[in-house]
Amino acid sequence: MDREFLIDLFADFGPVTIRKMFSGYGISADGTNFALALRAGLFFRADEQTIPSFEAEGSGPFQYQTRAKTVTVNSYWQLPARLFDDSEELAQWARAALAAAQRAKVKKRPKAKKAVKKVAKTAKKKIAAKKQAKKGTARGVGKAKRAHRSGS
């Protein structure tokens, strides 16, 4: 699938951004990636709400081979081949895929906040440790000066 074909394919859906990704393209709308066009086919983002539609069409999740095993990516499912000839229905599936991608983005946000809080907490500890080290050094210098003075 080339870029021009994908632009035509998503014409009824609306404007999409198509970027090189892996061995194909990532397709996004409104800054959210919702589809992958790879050598193996066109895959749409899916979740618990949309997977039953893919299963009903006999589609499966994206899979790839490593040297050791087959990896299944359940968040992207292959678009049924019949939709390549029905641009209106393809647009409906694309809207559902975009919605699934947006739901997934919302689910990830709390985890990101926890990670930011953890980084901030670690940074605060490091700053406090540096301040404590400086205080200790300053005290040590003061003691050394007093010892030197009393020794004179």
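Residues numbered from 1 in each chain as written. Predicted model: local features only at pLDDT ≥ 70, side-chain atom pairs only at ≥ 80, totals over all residues. Heavy atoms only, no water.

Draft legend 1. A look at the overall build of the protein chain. A count of helices and strands for the protein chain gives three helices and six strands. In sequence order, the protein chain lays out its α and β elements as α-β-β-β-β-α-β-β-α. Per-residue burial for the protein chain yields a buried fraction of 30% across its 152 residues. Relative to all contacts within the protein chain whose residues are 6 or more apart in sequence, the contacts with residues 24 or more apart total 49%. Per element, the accessible surface of the protein chain, about 10,700 Å² overall, is 55% carbon and sulfur. (Helix = DSSP H or I, 4+ residues; strand = E, 2+ residues; numbered from the N terminus. Buried < 20%, exposed > 50% of the residue type's maximum accessible area, 1.4 Å probe, protein only. Contact = heavy atoms within 4.5 Å. Areas by Shrake-Rupley, 256 points an atom, 1.4 Å probe, with all protein chains shown as cover.)

Draft legend 2. Region of the structure containing the side chain of threonine 50. Within the fold, threonine 50 resides in the loop between strand E4 (41-45) and helix H2 (51-56). Note on threonine 50: relative accessible area 10%, which makes it buried.

Draft legend 3. Examining unusual backbone geometry more closely. Located in the positive-phi region is aspartate 30, a residue other than glycine, with phi close to 55 degrees. One can find aspartate 30 in the loop between strand E2 (24-29) and strand E3 (32-38). Aspartate 30 gets classed as exposed once you look at its relative accessible area, which sits at 71%.

Draft legend 4. A look at the sheet that holds E3. Here we have six strands laid out as an open sheet, ordered E1-E2-E3-E4-E6-E5, and antiparallel in their pairing. The sheet terminates laterally at strand E1 (17-21) and strand E5 (61-65), the two strands that pair on one side only. On average, each strand axis in the sheet is tilted by 35 degrees relative to the strand beside it, whichever way the strands run. (Pairing = 2+ DSSP bridges. Axes fitted to C-alpha atoms, helices over the stretch in contact; angles between N-to-C directions.)

Draft legend 5. Region of interest: the pairing of E1. Note that E1 and E2 share five bridges and pair antiparallel. When the bridges of E2 are listed, lysine 20 appears paired with tyrosine 25.

Draft legend 6. Summary view of the pairing of strand E6 (residues 70-78). As paired strands, E4 and E6 are joined by three bridges and run antiparallel to one another. Following the sheet pairing, phenylalanine 43 is matched in E6 by glutamine 78. Pairing of E5 with E6, which is carried by five bridges, proceeds in the antiparallel orientation. Its bridge partner being in E6, phenylalanine 62 is matched across the sheet by valine 73. In sequence, E5 turns back onto E6 through a hairpin of four residues.

Draft legend 7. The nonpolar core, seen in detail. Judged by nonpolar contacts, the single largest core of 27 residues is most densely connected at Leu6, Phe10, Phe13, Ile27, Phe34, Leu42 and Phe44. Going through the elements one at a time, helix H1 (3-9), E2, E3, E4, H2 and helix H3 (87-151) are the ones with two or more residues in this core. In terms of residue count, the dominant contributor to this core is H3 (seven residues). Leave out the neighbours within four places in its chain, and leucine 6 touches Met1, Ile18, Tyr25, Ile27, Ala37 and Leu42. Judged by nonpolar contacts, the second largest core, of five residues, contains Leu36, Phe43, Phe62 and Tyr76. (Core = buried A, V, L, I, M, F, W, Y, C linked by side-chain atoms within 4.5 Å.)

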